[in-house]
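The residues making up each chain are set out below.
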Amino acid sequence: MNNKVDISVEFAGLKLANPVFLASGTCGYADELADFMDLNRLGGFITKSITLKPRKGNPDPRIVETDAGMLNAIGLANIGLERFTKEKLPILRKMSASGTAVFVSAAGETIEEYAAIIERLSEEKAIAGFELNISCPNVKMGGISFGTEPATVEEITETAKKAAGEKILMVKLAPAVTDISAIARAAIDGGADALSLINTFTAMVIDIETARPALANRTGGLSGPAIKPIAVYLVNKVYREAAQKANIPILGMGGIRTASDAIEFMIAGATAVAVGTGNFLEPDCAEKIADGIGKYCVRKKLIKISELVGSLK
Amino acid sequence: MKKANKGQFWGRVCGNKSATGKGQCFYKITLEFEGQAAKAFAKAVPGQFAEIDLSKTSLPAAEKIPEGLKDACKRDIILRRPFSFCDITTKGNKTIVEILYCVVGPASLRMTTLKAGDTVNIIGPLGNGFSIPKDKKTALLVSGGMGSPPLQHLADYLVKNNPKINVLTFAGARTKEHFPFNPKRFTKQKIETIITTDDGSAGLKGFVSEHLERWIEKSGQKESEMIIYACGPEAMLARVAEIANSSNIECQISMERRMACGIGVCQGCAVECRLEGSSETVYKMCCTDGPVFDAKEVVF
């Protein structure tokens, strides 16, 4: 039996060694993970969201474990564009040189802020593209407020795409909207090269002893296995109703911990997948997932992994 | 102290039993490491910690689950749990790590079912431990309740590695039932320990911070020659920091936060800290900037 199945994928014109990414906000800027995994084995990597100016983030408690998941309300805490370019680009350049597609997640309070971050980094060779974070549930301005109105999504995508120049622009979608396909079509019409979905769901945990929310921010984004079946459904919906026709790839995410989870997303229509909360328990799970996908392809006698994408019967 | 190498390792359980001989709440688990893991943990310093995967560890039998944890035990464990060390020793090419823990929720309850021969997945050693300035003559170790393990480790470490420093420990708890160790024996080494309880059921009556303050006043020692190390509930740490800062005694405190990753990627364990020379504050990460902080920088 041939054990060397080709699990490389083409994603928005990029050739990736495998379809597994690390999701923004769960893998820092890569340097933190170097002791725990082989960074060179990643298909893709998405940085923690960067804003123009550093952001302090929300007060503690910022996280809480829930049934089959967790809530986080970090509040886009990050070191800001200046320090990012000085301190973090070197390790990202190394990753990029070894073949990993590096995406920078951009966030802002105004459309101009998104554009300024992207423009500043658009000439950087190590960066394959940008993920437009218009779906963060934990900040009052910007974030999710940009991601829920089709007209706004189209406008911000258009502006960001101009700033990105030759680089790939991926738009990250919020899950809790009336019609996610309408948002996806707006992003595509605005010039998005790829879509990533889903971001976390706004949720709440209450401490019944104190009758207070468990998080200082009161609400947080729900992630982990609890959201996986919803994410699979939404990926399939966006694939069928928007992405497939436009030939725009989907980066699927939401509760992926195993190769089986990843394969489910690919069958639903994702060209590649990202691991988020799963990294916290197993910092090397992306490698294991890539290996597991390979084994599945051998067992199913698939020649190319792309045969899986959207193969839902 | 230099930061040790870290990684994701497997440890073998050598023992796991009640730490005080009475009650079900406090346990001590002994883990044995070989190879790279043994090397990494041998270099760990007091105040560092490790993240343990308890997601696949079974719950005890239904009748052994405390009433107050029955509901919480219905949910799965999604995240690792952070634990400090109460002792680390080397035996040949093996490293033995002791962790003192308290059953507080569904993960620590699962931990009690681990038995000799089981393996556990552990990420560590993580964070920055206590540091030991050369010019100090007296180290005052102040622990409150479940804050004692890293200080027990530090006490032994100081006696072994810095014999010139005089070590005095203050161990406080709410009542005599709330010490995670036998109050007669704070550490393996012979060290003077002042026991305090809020209700006077063991040792001196009152908060551990009050007794620390009185001792400092009476000691007549130079402030610059003393150092305070503290770990315990946040209200106690706030008071100890206040005492240290007002009398200009160097003080290192070990903080506790909920953590998802322990390695600085989730940004979940925020500790509000002052910026030197500014009225602004920043959030530092308990896992990678701490868990040991200078008492002057933390905002309580």
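Each value, and the rule that gives it
Residue positions within a chain follow its written sequence, with the count starting from 1. Written order determines the labels here, with chains lettered from A and ligands numbered from 1. In view of the model being predicted, local features appear only for residues whose pLDDT reaches at least 70, and side-chain atom pairs are presented and counted only at 80 or more, with totals across whole chains, interfaces and linings using the full set of residues. Where side-chain values are given, they derive from all heavy atoms of the structure, hydrogens and water being excluded. Remark: nonpolar core denotes a set of buried residues (Ala, Val, Leu, Ile, Met, Phe, Trp, Tyr, Cys) joined through side-chain atoms within 4.5 Å. The buried label applies to any residue whose accessible area, calculated with a 1.4 Å probe on protein chains only, is under 20% of its type's maximum; exposed applies above 50%, and partly exposed to all values in between. Only strands that DSSP links by at least two bridges are regarded as paired with each other. Strands are runs of DSSP state E lasting at least two residues, helices are runs of H or I lasting at least four, and both sets are numbered from the N terminus onward. Axis lines are fitted through C-alpha atoms, for helices just across the contact stretch, and the angle between N-to-C directions can take any value from 0 to 180 degrees. Working rule for contacts: check all heavy atoms of both residues, and any pair within 4.5 Å makes them a contact. Once two parts are joined, some of their accessible surface, as seen by a 1.4 Å probe, is lost; buried area is that loss totalled over both. In what follows, salt bridge is the name for a side-chain nitrogen of Lys or Arg lying within 4 Å of a carboxyl oxygen of Asp or Glu. Counted as a polar contact is a pair of N or O atoms within 3.5 Å, where, for protein atoms, one must be capable of donating a hydrogen and the other of accepting one, and residues adjacent in sequence contribute only when both atoms are in side chains. Amino acid classes used here: Ala, Val, Leu, Ile, Met, Phe, Trp, Tyr, Cys and Pro are nonpolar; Asp, Glu, Lys and Arg are charged; the rest, including Gly, are polar. The distinction between a cavity and a pocket rests on a 1 Å grid over the protein atoms alone: a 1.4 Å probe fits inside a cavity but cannot get out, while a pocket stays open yet meets protein on both sides within 12 Å along at least five of seven lines, and a residue with an atom within 4 Å of a point counts as lining. Grid points are joined across faces, edges and corners, and a volume is the space filled by probe spheres set on the points. An automatic or database domain assignment provides the domain bounds reported here. By definition in this entry, angles of less than 35 degrees are roughly parallel, angles greater than 145 are roughly antiparallel, angles of 65 to 115 are roughly perpendicular, and the rest are oblique. Crossing handedness is defined as follows: a turn of the near helix away from the far one that is anticlockwise and smaller than a right angle gives a left-handed crossing, while the clockwise case is right-handed. We call Phe, Tyr and Trp rings a pair once their centres come within 6.5 Å, taking the six-membered ring for Trp, and we label the pair stacked below 30 degrees between planes, edge-to-face above 60, and tilted otherwise. Look at NZ for Lys and CZ for Arg. If either is within 6 Å of the ring centre and within 35 degrees of the ring normal, a charge sits over the ring.

> Go over the nonpolar core with me, naming the residues and quoting the values.
Core analysis: the biggest nonpolar cluster contains 161 residues, and Phe103(A), Leu195(A), Leu197(A), Ile293(A) and Ile228(B) have the highest contact counts within it. Within the second largest apolar cluster, 31 residues are counted, among which are Ala40(B), Ala50(B), Leu54(B) and Leu114(B).

> Requested: an account of the sheet that holds strand S10 (residues 194-197) of chain A, with residues and values cited.
Residue and element names in this part refer to chain A. Taking strand neighbours around the barrel as the criterion, the eight strands line up as S3-S4-S7-S8-S9-S10-S15-S16 in a closed arrangement whose pairing is parallel. Averaged over neighbouring strand pairs, the angle between their axes works out to 25° when direction is ignored. Along the sheet, helix H1 (residues 80-97) contacts strand S4 (44-46), strand S7 (101-106) and strand S8 (127-133); its crossing angle with S7, the most-contacted strand, is approximately 150°.

> Lay out the interface of chain B and chain A in plain terms, naming residues and giving numbers.
By convention, interface size is frequently given as the accessible area that disappears when the constituent parts associate. With 32 residues of chain B at the contact, the number on the chain A side is 35 residues. Taken together, both faces of the contact between chain B and chain A bury some 2700 Å²; the carbon and sulfur share is 59%. Summed over the shared surface of chain B and chain A, the result is five salt bridges. In this structure, the salt-bridge partner of Asp35(A) is Lys6(B), at a minimum N-O distance of 3.0 Å. Where chain B meets chain A, there are 11 residue pairs in polar contact (both at pLDDT 80 or more). Listed by contribution, the elements that provide at least two residues to the side of chain B that touches chain A are strand S1 (7-18), strand S7 (119-126), strand S14 (270-274) and strand S15 (281-285) of chain B. With four residues, S15(B) is the largest single contributor of residues to the side of chain B that touches chain A. When the residues that make up the side of chain B that touches chain A are grouped by side-chain class, the tally is 15 nonpolar, seven polar and 10 charged.

> Could you give me a rundown of the side chain of Glu124(A), with the residues and numbers involved?
Residue placement: Glu124(A) occurs in the loop between helix H2 (111-121) and S8. Setting aside residues up to four positions removed in sequence, Glu124(A) forms contacts with Leu89(A), Arg93(A) and Lys167(A).

> Describe the pattern of salt bridges, listing the residues and the values that go with them.
Considering all chains together, one arrives at 34 salt bridges over all chains under this definition. The partner of Asp60(A) in a salt bridge is Arg257(B), and the shortest N-O contact between them spans 3.2 Å. Of this pair, Asp60(A) sits in the loop between S4 and strand S5 (63-66) while Arg257(B) sits in the loop between strand S13 (250-254) and S14, placing the two residues on different chains. Residues Asp284(A) and Lys288(A) are paired through a salt bridge, measuring 3.6 Å at the closest nitrogen-oxygen approach. Taking the relative accessible area as the measure of exposure, Asp284(A) reaches 17% and is therefore buried. Among the residues examined, Lys288(A) registers a relative accessible area of 42% and is labelled partly exposed. Among the ionic contacts, a cluster of salt bridges with common partners joins Asp179(A), Arg185(A), Lys237(A) and Glu241(A).

> Now, about the layout of surface pockets: what can you tell me, with residues and values included?
Summary: where empty space remains is shown by rolling a probe the size of a single water molecule over the atoms. Here the second largest pocket is characterised by a volume of approximately 890 Å³. In this structure, the second largest pocket is lined by 38 residues; those nearest its centre are Ile79(A), Arg83(A), Gln267(B), Met285(B) and Asp289(B). Mapped by element, the contributors of at least two residues to the lining of the second largest pocket are H1 of chain A together with S7 and S15 of chain B. Broken down by class, the residue content of the lining of the second largest pocket amounts to 15 nonpolar, nine polar and 14 charged.

> A description of the domain arrangement of chain B should follow, citing residues and the corresponding values.
All names here are of chain B. For chain B, the assigned domains read domain 1 (7-126), domain 2 (138-251) and domain 3 (255-300). Between domain 1 and domain 2, the C-alpha centre-to-centre distance is 25 Å. Residue-level contacts link 16 residues of domain 1 with 15 residues of domain 2. Between domain 1 and domain 2 the total buried area reaches about 1300 Å² when both faces are included, carbon and sulfur atoms providing 62% of it. Of all residues in domain 1, Phe 26, Pro 46 and Leu 100 bury the most surface against domain 2, accounting for 40% of the area lost on that side. Between the two partners, domain 1 and domain 2, sit zero salt bridges. The tally of links between domain 1 and domain 2 comes to one residue pair in polar contact (both at pLDDT 80 or more). Listing elements by their share of the side of domain 1 that touches domain 2, those giving two or more residues are strand S5 (87-91) and strand S6 (94-102). Here the side of domain 1 that touches domain 2 takes four residues from S6, the largest share from any one element. Looking at the side of domain 1 that touches domain 2 residue by residue, the class counts come to 10 nonpolar, three polar and three charged.

> Kindly report on the packing of H2(A) against helix H3 (residues 150-164) of chain A, identifying the contributing residues and their values.
Residues and elements named next belong to chain A. Interaxial distance between H2 and H3 falls to 8 Å at its minimum, and their mutual angle equals 20°. If you check the angle between H2 and H3, you find them roughly parallel. Judged by the sense of rotation from one axis to the other, the crossing of H2 with H3 is right-handed. Packed against H2, whose contacting residues are Ile 111, Tyr 114, Ala 115, Ile 118 and Glu 119, the element H3 presents Glu 155, Ile 156, Thr 159, Ala 160, Ala 163 and Ala 164 at the interface. Tallied by class, the residues present in the contact of H2 with H3 amount to eight nonpolar, one polar and two charged.

> I'd love a proper account of the packing of aromatic side chains, names of residues and values included.
On inspection of all chains with the given rule, the structure shows 12 aromatic pairs over all chains. Centroid distance Phe11(A) to Phe21(A): 5.6 Å. Interplanar angle 55°. Geometry classified as tilted. Here Phe11(A) is found in strand S1 (residues 9-11), whereas its partner Phe21(A) is found in strand S3 (residues 20-22), with 10 residues between them in sequence. Classification of Phe21(A) by relative accessible area gives buried; the value is 0%. An angle of 85° between the planes, with centres 5.3 Å apart, marks the rings of Phe130(B) and Tyr229(B) as edge-to-face. Pair noted here: Phe130(B) is in the loop between S7 and strand S8 (138-144) and Tyr229(B) is in strand S12 (residues 226-231), with a separation of 99 residues, a long-range link. Ring-pair connections join several aromatic residues into one group, and the members of that group are Phe9(B), Phe33(B), Phe41(B) and Phe85(B). In this structure, Lys56(A) is placed above the aromatic ring of Tyr283(B), and the distance from its NZ or CZ to the ring centre is 5.2 Å.

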